[in-house]
Amino acid sequence: MLFRWLKNYMPRGLYGRAALILVLPVLLLQLLVSVVFIQRHFDGVTRLMTSAVNIELRFLIETVNNAGNLTAAQAALTRLATPLQIRTSLPAIVGSGDVKPRMDLTGQMVITSIRNGISEVKAVSLAERRRVLMWVETRHGILEMEFARRRVSASNPHQLLVIMVVMGALMTAIAYIFLRNQLRPIKRMATAATEYGKGRIVPFNPTGAVEVRAAGMAFLDMRNRLERQSQSRTLMLSGVSHDLRTPLTRLRLGLSMLDGQDVEPLVHDVDDMQRLVSAFLDFARSDAGDNLEPTIPQDLVREVLRDAARLGQAAREGTIEGPEDHVDLRPLAIRRAMENLLSNALRYGATAEVGVSVTERAVRFYVEDDGPGIPPDQRDDAINPFVRLDPARNQDKGSGVGLGLSIVSDIARTHGGILRLGESEKLGGLKAELVLAR
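Model, not experiment: these values are computed from the prediction.

### Points about the confidence of the model for the protein chain
Inference 1: The share of residues in the protein chain with pLDDT of 70 or more is 88%, and the mean pLDDT across the chain is 81.
Inference 2: Considering only residues more than four positions removed or in separate chains, one finds that residues 391-399, a stretch of pLDDT under 50, has 23 contacts.

In structure tokens, the structure reads:
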């Protein structure tokens, strides 16, 4: 229970935790030194110094008590108090109890030591930081005595605290600078990994400690292997698709020269094969795509709707929110993703709606339709490649190989985003959201 409570209040960032590792031991060490050294050392020094002054104070009190009358007592005090550097007044009016400033570190020990050494004390005042004022009962009335505070306690005990705090802060700052230099390569590697997750390859040079450099080199090797694997997949599928298109085209030309009812099914099969090849090629190019360019997301939506209107598709403009600022996107890849979502929506629904919402942190494209939708328990499977949900979608209305949503999902990942499938509250069908991080 305690560890769970502490976990909620602990810093989550690497810099915050490193600072905590540095600051916490310094604070605990300063607290320990303050308690042990100040409370024991300064209290011991104060007790010894006050005991020495008590001897002089008792001597003056005994002198006053041994005097025959008040005049003799005053004369004795005049003769003895000056060499002892103690100001006296007899008779005097006693003060109203002991007085000690709140921030006086050794004041209570001074008062306690004086009272333990002199039983006749009526009150002790430390209101003036540099002086000690006390009242004592004698045979001839109340005796007031005043002497320097430095005689009963160590001077400026707060200087130790100031030195500890200043030196502790200085050493912590120096240690933090050194530690920041070690943490900076980790942060740069995290930035490079984040950018790579968005499809951006930024320059990264491993630096820092040996272990951090090893992690950086491992990241570079992993990124290079992923790039080679992606390029190999793209080249392989592109080559296969290109090689298949030529014989398919010759086969279609050959079938077009034949007559008879048996030719039409064969032509339909050839068309299906060409669509499959095109789908494979789009899937291979989904993560290769174009380069990042400053793009206005609202213009992309309007272009997709204009193309749909020219094709006579029942697509309408939905909600367009946010400022029309330039965002770094891959416009061709985004258009391909939006066209796939729109084609998928119109394949299984009669009407589709396209919109976009732009915020400071993300860009959200969405396409809604009035079709049958996809059950919640099958939405994750629908994004996987080569998955066709026959119960959820009517395959008689169109053909495909189950790569449309997978292509959109890959495009979203190259932008550091995600494809979310849900239920359309406006049209009642499927709502596909392409959420991209800015």
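### Section: the side chain of T63
Inference 1: Mapping T63 onto the fold places it in helix α2 (residues 14-66).
Inference 2: Classification of T63 by relative accessible area gives buried; the value is 16%.
Inference 3: Here F59 takes part through its backbone oxygen, which lies 2.7 Å from a polar atom of the side chain of T63.
Inference 4: Apart from the residues lying within four places of it in its own chain, the contact partners of T63 are A76 and L80.

### Some remarks on the pairing of strand β10 (residues 418-423)
Two faces make up the sheet, and in a regular strand the side chains alternate between them.
Inference 1: Of the pairings in the sheet, the one linking β10 to strand β11 (residues 430-437) comprises six bridges and is antiparallel in character. When the bridges of β11 are listed, R420 appears paired with E433.
Inference 2: As consecutive antiparallel partners, β10 and β11 are separated by six residues, and within that stretch G428 has a phi angle of approximately 90°, a positive value.

### Structural notes on empty space enclosed by the protein
Inference 1: Scanning the entire structure with this criterion turns up one cavity of 30 Å³ or more.
Inference 2: Taken as a whole, the largest cavity encloses approximately 30 Å³ of empty space.
Inference 3: Lining the largest cavity, in full, are L341, N344, A345, V367, D369, L405, L430 and A432.
Inference 4: Every element with two or more residues in the lining of the largest cavity is listed here: α9 (331-348), β9 (362-369) and β11.

### Concerning the sheet that holds β9
Inference 1: Strands sit in the order β6-β8-β9-β11-β10 across an open sheet of five strands; the sheet is mixed. Lying at the two open borders of the sheet, with one neighbouring strand each, are β6 (315-321) and β10. Ignoring strand direction, the axes of neighbouring strands in this sheet form an average angle of 15°.
Inference 2: Lying on the sheet, helix α8 (residues 297-310) is in contact with β6, β8 (352-358) and β9; it crosses β8 at an angle near 170°.
Inference 3: The sheet contacts of helix α11 (residues 404-414) involve β10 and β11, and relative to β10 the element is tilted by about 130°.

Cut-offs applied
Residues numbered from 1 in each chain as written. Predicted model: local features only at pLDDT ≥ 70, side-chain atom pairs only at ≥ 80, totals over all residues. Heavy atoms only, no water. pLDDT = per-residue confidence, 0-100. Contact = heavy atoms within 4.5 Å. Helix = DSSP H or I, 4+ residues; strand = E, 2+ residues; numbered from the N terminus. Buried < 20%, exposed > 50% of the residue type's maximum accessible area, 1.4 Å probe, protein only. Polar contact = N/O pair within 3.5 Å; in protein donor to acceptor, adjacent residues only side chain to side chain. Pairing = 2+ DSSP bridges. 1 Å grid on protein atoms, 1.4 Å probe; cavity = no way out; pocket = protein on both sides within 12 Å on 5 of 7 lines; lining within 4 Å. Points joined across faces, edges and corners; volume = space filled by probe spheres on them. Axes fitted to C-alpha atoms, helices over the stretch in contact; angles between N-to-C directions.

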